[in-house]
Structure formats: structure tokens, C-alpha cells
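So the chains spell out like this:
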Amino acid sequence: MSTDDAATTAPADFASTPTFTDFSDVEGLLRLPRLASLAALPGDRVVAAIQEADEHGARTPSALWELDPTGTEPARRLTRSEKGESGPRPGPDGSVLFISARPDPDGDSFEDKPGIWRMPASGEAEPVAAAPGGLELLAVADDGTMLAATQVLPGGTLEDDAERRSARKDAKRTTIWHTGMPIRQWDHEIGDQERHLLLVSPAGKLDDLTPGAGTVALTSASADLSPDAQAVATSWTRRVAGGETRSDLVLLDVASGERTVLLEADDEAQYSSPAFSPDGTRLAVLRSTLPTPTDTSYTRLEIRTLATGETVTAELGDLTLTDLEWSDATTLLVAGDLHSSGAVLTVDATTGSAHTLADGGVFSSLSPAPRDSRAGGGGGELAGAVHALRSDVGTPPRPVRIAADGTVTELPAPGAVGALPGTLEWVSTDVDRIEVGGWLCVPASASAAAPAPVMLWIHGGPHGSYNAWSWRWCPWLAVEAGWAVLMPDPAMSTGYGDAGLNRGWPRRPDVVFHECETLLDAVLDRPELDGTRTAMLGASFGGFMANWIAGHTDRFDAIVSHAGLWALPQQHRTTDAAASKMRVHGHEDEDPDWYRAFSPHHEVDAITTPMLITHGNRDYRVPVSEALRLWWDLVSAWDGEVEDMPHRFLQLTSENHWVLTPSNAVVWNRAVLAFCEQHVLGGPSADEAITW
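Cut-offs used in this document
Residues numbered from 1 in each chain as written. Predicted model: local features only at pLDDT ≥ 70, side-chain atom pairs only at ≥ 80, totals over all residues. Heavy atoms only, no water. Pairing = 2+ DSSP bridges. Helix = DSSP H or I, 4+ residues; strand = E, 2+ residues; numbered from the N terminus. Axes fitted to C-alpha atoms, helices over the stretch in contact; angles between N-to-C directions. Buried < 20%, exposed > 50% of the residue type's maximum accessible area, 1.4 Å probe, protein only. Salt bridge = Lys/Arg side-chain N within 4 Å of Asp/Glu carboxyl O.

**Description of the sheet that holds strand E27 (residues 362–368)**
Then, number 1: Spatially, E27-E28-E29-E30 is the arrangement adopted by the four strands of the open sheet, whose pairing is antiparallel. In this open sheet, the two edge strands, each paired with only one partner strand, are E27 and strand E30 (408–410). Taking each pair of neighbouring strands and ignoring which way they run, the sheet shows an average axis angle of 30°.
Then, number 2: Where strand E29 (residues 395–402) lies against E30, three bridges are found, and the strand directions are antiparallel. Directly across from Val400, in E30, lies its bridge partner Glu410.

What follows is the structure, encoded as C-alpha cells:
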């Protein structure tokens, strides 16, 4: 008998977490439970994965909770283990399928490797399948057959993988033999393992559908299993000349293993995110154009009738798609960014026409009723309720039920945030006959008699939007400390159609700063804001903006740059996305004017503003070499007394492009606020704020 689940030893926990309101407590905020995903199950049940920091703030394992779909009863915790449980999916028998690295009570699991588990409607969770390289659960067919992904050492098979892994571990062998690009992705290496797709029977039998796939084909593949478990649709990446890749859309016949290219990528577009309709007759797929020096990448949702090849394109307007799920055989649900907020649309798969179901927030983890309970609807009409997570700038992701008429009802769950320490307002201004807007957060204490200092935050991407809650960049911590925070959606932001995405392309910092600065100047006319005390902050592309701005203006009293690009000729060749960067920008000798104007490192001698540089060592998207070179350039250029050098570097040796470890996030937030307080408000040295 397993004792890993709370339900097997004692009554399950009920959510009793008080509503959080103390934004002066940085650690308390970062310890709040976080809704990660949810799934609707037969019998009108809803199960969510909720993350929570461990005792030391070193990890955020998740557990499964059952939510009351009526919105009246508190959430009930279903699982409890040190390793955690994630990715709940409905089984056709009413069970919950999930992923966990928890130990198998019968000793058949692989140490520290996630496997597939099943929890029946009543009773204990039990292991279903495990593999030496771990398992990801990708899809579940009508009969309970599953599609999963695993990692296999190159050149090996699923059958000999455990033995080969053991030998490699014993020999402490860490070599990788590269034969082309890419070789890295975000924070991990490519080439030391092959990702394979597996068919998993309801009883847990594993069949490798892609033996010998190689190290590139399925590295970033998105895949789906047909409802009858007879076919798999997956993206399939192949290398082409010039260090680039292309992703085709292929169909795998489960019985024969035959692979057929359904949609072949070319130099204009490639394919991803296939999703079978509930009756298996249609396939939704994303078609994304490749960026060029004049045009960014545009993504289209295409719906293909498999028997005839007839294809329609969804009419999504300005919405930038982030999530899609089938509601029934002819209706798709689509969520995405829209006008500094978000929306859920229903799409008629026969015509491509779309209608707004819900808006006024950013929605994710769309989960319509399970296949066997979907009735009615069709033609773009929603058959029944949809469950999802909803967020906005002032609200962390919360579970909601969206009725067929668009009514949104929040469900009780841990991790709620109460009164904010200030006001939230969408503001806009005209910039060269274009409306540019963003969110303005102002502390409750701000007034004409006591105006608040102001932070300008520029988002990353550059294709992104300030439209939802962020645990990593939470403006309310700064607002609680007395700062007003302006978060613009300038050129290249998502949710403003193709024109918005392409305005300012290719990654023009002058265009972005002009729009951000114009909006900043407009809000600084308010008497409750103090334009003489300002700071500028950004991460990733926003960090690049911070670095570029530092060399082009001294209007800010402090600048914070996280994961920022510094020397573009260097970064464009060393990032994991080198193929895309070089495709768009070329070599510096091919476009010297662009590189001279926009690579921040050229203006290091003009930097007079104190800068805080923060960067993770495991960041492969913006390698830490950018921060190392920037830091050397700043320190070596300082000609004053050593002890008076104002710049600082917070190095995060175990982090990647983001600051994910709660304890590190606490240090990062305190350091950022202390640095800005010192140099903008005349506070004590930020050196005293660091926790070792």
C-alpha cells in the first residue's frame, strides 16, 4: 500500500490559505501557492496542479487538488509527495492521469525519473508506466491509450537505455558529439539524448514509435494522438544548410510505424502544435512564417480536413494565440493576448470564423468537457462549460468556469491575493499617430503633496505583453515600497495584430524607447508622480533595452538589466537561437550601420547611470558571456575611486533565463529594490540588502 498520498493516511487537506495582502513580505509572496494547470474530468470534476515552495525555498513541487466546479466548496488536496505531481489529464474511465517522480511502492520506477500515474475516482494512485529517461504525457485516446515522450541515449534503444545510462553514469562520461546545429535550448544541451515518442497501453506497455529519431527531430516536437489511437501527428525537425532547421508536420501510422509528411516546411513557413478534433476528422495546426530582415514571424491557425486536405484559416483578428483546445468536432477554443489583456475565442472549424467567448483577462490551460460528455454545440458554438486559468496584472492565475454564454465564475483555490497596495490603470497616448498604451500601478500613498518615484519597465520578447500576473516581475512589491510602475506595450508587443508585431522590426531599440518614453512623459504630467526620481528596468529584450538606453540617455537615476544583450555580434552567434538571429540580422559586416547604431556595447563610454546587472549562468538564450563582457566593460571603464564604483552584478549561478528558485527570487527582488532605493532615493547601500 502506498502512503505517498495524503488521502491514504488521513482526510485530504482543504484549502485554508488566507488571502495574501502583505506585499512588504517578499518571501511570503513568493511562497504563495501557484495554479500551474487544470483538467476537467467526467462527472463534472476539476483537478488542478498547484505549486508551492518547499521548506527551504529551493523547489516548487506541485500537488493535485480537486476543485468544486460550482464555486461553493473549498478545494481539496488529493496528493502529497516530496517529488510532487503535475500535468493532470482526464482518463476515459473518470481517473486522473498525471506525471510524478514519486517512488513506485513495488520498486518498478526509475530513480528520480518522472513516470505516468493513474488515480481512480476513488482510491489510491498507482503507477502506470516508467522509462529510464522519464516520461512526458502528451495525449490520451478514447480507449485510454496514451502518447508519451521519453529521452533515450543517442544510438540506443528503449530496451538497452537503462544499461547504457548506468554505464555512462559510472564512467562519469559527459561528452557530446555534435554533427550540426542546434546544440543548446534555453538551459539544457541538445545532443546528449534523443527524444522519442512512445505509445503507452492502458496497462503500461511501451512501444517506441520513433526509433532512431536522432537528436534533433523531436527535441521541441509538439504531438497529438488521434482519438482512435491509430495515428500520431507531430512536428518533425530537420537540419538544412546554413545552420538552420525546418519543422515539417508528419503523420505516424501506429500499426506500421510508417511516417508520412503531411505539411512540408520550406524557406517561408514551418509547422507545430497539431491537435486532432474529437472525432479524428480534422487536424488543427499552427503555421509560422520564418522571420526576415523586413518581417517578423507571423503565426496562423489552420484547420485541415484529413480526408480531403481542405484547409481553412482561423480569423483571429489582433489576437496572438497562446493556447488552443477542441470543444467538439467543429469547434475550437483559442486563447491569447489581445490589447494589453487577453480573450478566449470560439472558432468554427468549417469556416474559420471566430467569436469572443470571454475577455477581460489572460486565459490559459483551457479544459473543455471530456470527449464522452461533449454534446450539442458545433459550428463555432460552445457545447458546455470550459474550465481555465485566468489572470491579469493585479491577479495571479485563478481557476475559472466559463459558461456557454461567456459568464466567468472563479472557483475557490489556495493562493488568492487580496487588496493591492495601489491602483491599476490602463493608460495610453498618441505616438506618431499610433495609440501606445500600458499599465500604470500607483501606490495608495501617492499624492500631489507626496509624489511617488517612478519605474519604467520594458518587457522582453520583444514579442510579449504586460497583460498578466508575473511571479518573477511583480510590480506590486515595488508599489508597496512606494514606487509607481509603468509597464508599456510598445512596438512589437503581442495582441495588436501583424502590424503591432512588425512595428519596430527588426528589433529596433530606438523605436521601442521612443514609444515608451513618450508614454512615460505623458503619465509624468500627473501631480502624484515624481519625474525627477526615476529608474528603468527590463529583462531579456527588456534587458537589451536597458543596456542600450544606458548609453543613450542619463534621464534615469538607476537602471536594472536582467539577462540583457550587450555585444550583438557576439550574442547573435552564441545564443541557442543563433540561426534565427543571423537570418534576420546577418553578420555585422553585412549591415554595419544597424550593428553600430543598436549594439549597446558601442556606447559603453557614454554610460553614467548606475547599473545593476543580473544574469543566470545557465542562460543559453542570452548567454552569461553578455553579462560578463558588460561587467568588464563597466568596471574597467570606471576611472574614479574603486570604492565609489556604482555598478553592481548579481550573478545567479544556478539559474537560467529566469529566476525560478524561490530563495534566489527573494534575493533578486530585495537587491533590485535596494539598488533603486540607493541610487534614486538616496537610501543605504544596496550591498547591505544581499542575503548570502
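**A closer look at the sheet that holds strand E9 (residues 136–140)**
Then, number 1: The four strands are arranged E9-E10-E13-E14 in an open sheet whose pairing can be described as antiparallel. Two strands close off the open sheet at either side, each with one partner strand: E9 and strand E14 (206–208). Strand-to-strand twist of the sheet, defined as the mean angle between neighbouring strand axes without regard to direction, takes the value 35°.
Then, number 2: In the sheet, strand E10 (residues 146–152) pairs with strand E13 (residues 194–200) via seven bridges, with the strands oriented antiparallel.

**Comments concerning the pairing of strand E24 (residues 331–338)**
Then, number 1: Counting buried positions along E24 yields seven of eight residues, so the element is predominantly enclosed.
Then, number 2: Linkage of strand E23 (residues 320–328) to E24, two consecutive antiparallel strands, is achieved through a turn of two residues.
Then, number 3: Where E24 and strand E25 (residues 341–348) come together, eight bridges link them in antiparallel fashion. In the strand pairing of E25, Leu332 is matched with Val347.
Then, number 4: The antiparallel hairpin formed by E24 and E25 contains two residues in its connecting segment, where His339 sits at a positive phi of about 55°.

**Some details on the pattern of salt bridges**
Then, number 1: Enumeration over the complete set of coordinates arrives at 31 salt bridges.
Then, number 2: For the salt bridge of Asp187 with Arg618, the shortest nitrogen-to-oxygen distance reads 4.0 Å. Taken together, the residues Asp187 in the loop between strand E11 (184–185) and strand E12 (188–189) and Arg618 in the loop between strand E37 (611–616) and helix H10 (625–637) connect sequence positions 431 residues apart.
Then, number 3: Given a relative accessible area of 40%, Arg618 falls into the partly exposed group.
Then, number 4: Each of Glu244, Arg246, Asp267 and Arg583 takes part in one network of salt bridges that share partners.

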